[in-house]
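One-letter residues, chain by chain:
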Amino acid sequence: MDVPWGLRIETGQPSQVVRHVLLDNDAATARDLIGTITEPTTCVKAFLPQGEMDPWFSSAWEPTEPCFLMAVDLRPSRVRVPDGYTVSVEAADGVVHVRVLSADGDLAAGGRTGSTRAGTACVFDQIVTEAAHRRRGLGTVVMGALTDAAAGSGASVGILGATVPGRALYEALGWKVLAPLNGFVYEPVAP
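Presented here is a report on the structure given in the accompanying data block. (Residues numbered from 1 in each chain as written. Predicted model: local features only at pLDDT ≥ 70, side-chain atom pairs only at ≥ 80, totals over all residues. Heavy atoms only, no water.)

1. Details of the pattern of salt bridges
And then number 1: With the rule as written, the count across this model stands at four salt bridges.
And then number 2: Asp125 serves as the salt-bridge partner of Arg19, at 3.5 Å between the closest nitrogen and oxygen. With a gap of 106 residues between them, Arg19 in strand β3 (residues 16-22) and Asp125 in strand β10 (residues 121-129) connect regions that are remote in the sequence. Exposure class is identical for Arg19 and Asp125. Each is buried.
And then number 3: Note that Asp125 is salt-bridged to Arg112, the shortest N-O span being 3.3 Å. You can see Asp125 sitting in strand β10 and its partner Arg112 sitting in strand β9 (residues 107-115), a full 13 residues away along the chain. Each member of the pair, Asp125 as well as Arg112, is classed as buried. (Salt bridge = Lys/Arg side-chain N within 4 Å of Asp/Glu carboxyl O. Helix = DSSP H or I, 4+ residues; strand = E, 2+ residues; numbered from the N terminus. Buried < 20%, exposed > 50% of the residue type's maximum accessible area, 1.4 Å probe, protein only.)

Shown next, in the form of structure tokens:
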């Protein structure tokens, strides 16, 4: 959802219920937003090195893992699904969910995409491979299925926030780092 400072994303994750992304790195705007937040596990991110953001936050905020804003021109994928796995692609309310299931039906890997304001870009989010299924190419399978779905809906550019470990996968798939993406999560101490 577009908001005056940038984006508000309802993640649905207990560790980060809401994520605010500042599109303008103005300290006054950031402090105004931060001063209104009362919900634990709310995250505020900006395209800045973490050290530049530190003064904005009180001790009730914990830094997130360092990330990177990355982008790629979307092209059709030619990814092969490893034996013993199946891929499920579901779309609802502008969000595409990809799930890679193991032979016993357990979730092995997954991710989702959603379109941006411009409509030509697609945000890739919550890309994960479960520990028992890593090192089998499933992250590549998820990214390929999401890329195909995004390109099929008219998107020409993919964007994402990559963790340090995820960055290597995305760079191997042709994604480029555009900027740092760091944040803080509101974790007030209970009285």
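2. Some words on the environment of Gly158
And then number 1: Here Gly158 lies in strand β11 (residues 157-163).
And then number 2: Residue classification places Gly158 among the buried positions, given a relative accessible area of 0%.
And then number 3: Taking the C-alpha atoms as reference, Gly158 lies 8.6 Å from Trp175; in sequence the two are 17 residues apart.
And then number 4: Once residues lying within four places of it in the same chain are set aside, the contact partners of Gly158 are Met70, Ala71, Val72, Leu74, Cys122, Phe124 and Trp175. (Contact = heavy atoms within 4.5 Å.)

3. Details of the side chain of Thr147
And then number 1: Positionally, Thr147 belongs in helix α3 (residues 138-152).
And then number 2: According to the relative accessible area criterion, Thr147 is buried, its value standing at 10%.
And then number 3: A distance of 2.7 Å separates the side chain of Thr147 from the backbone oxygen of Met143, its partner in a polar contact.
And then number 4: Each residue touching Thr147, except ones within four places of it in the same chain, is listed here: Leu74, Arg75 and Phe124. (Polar contact = N/O pair within 3.5 Å; in protein donor to acceptor, adjacent residues only side chain to side chain.)

4. A short note on unusual backbone geometry
And then number 1: One non-glycine residue, Thr41, lies in the positive phi region at around 70°.
And then number 2: Looking at the element boundaries, Thr41 is found in the loop between α1 (27-36) and β4 (42-46).

5. Some points on α3
And then number 1: Counted at 1.5 Å a residue, the expected span for α3 with its 15 residues is 21 Å, and the 21 Å between its end C-alpha atoms agrees.
And then number 2: Directly after α3, the chain includes Gly154, whose backbone phi takes a positive value near 105°. (Expected span 1.5 Å × (residues − 1).)

6. A closer look at helix α4 (residues 164-172)
And then number 1: With a side-chain oxygen lying 3.1 Å from the backbone nitrogen of Gly166, the N-terminal cap of α4 falls on Thr163.
And then number 2: Backbone geometry just downstream of α4 places Gly174 in the positive-phi region, at approximately 95°.

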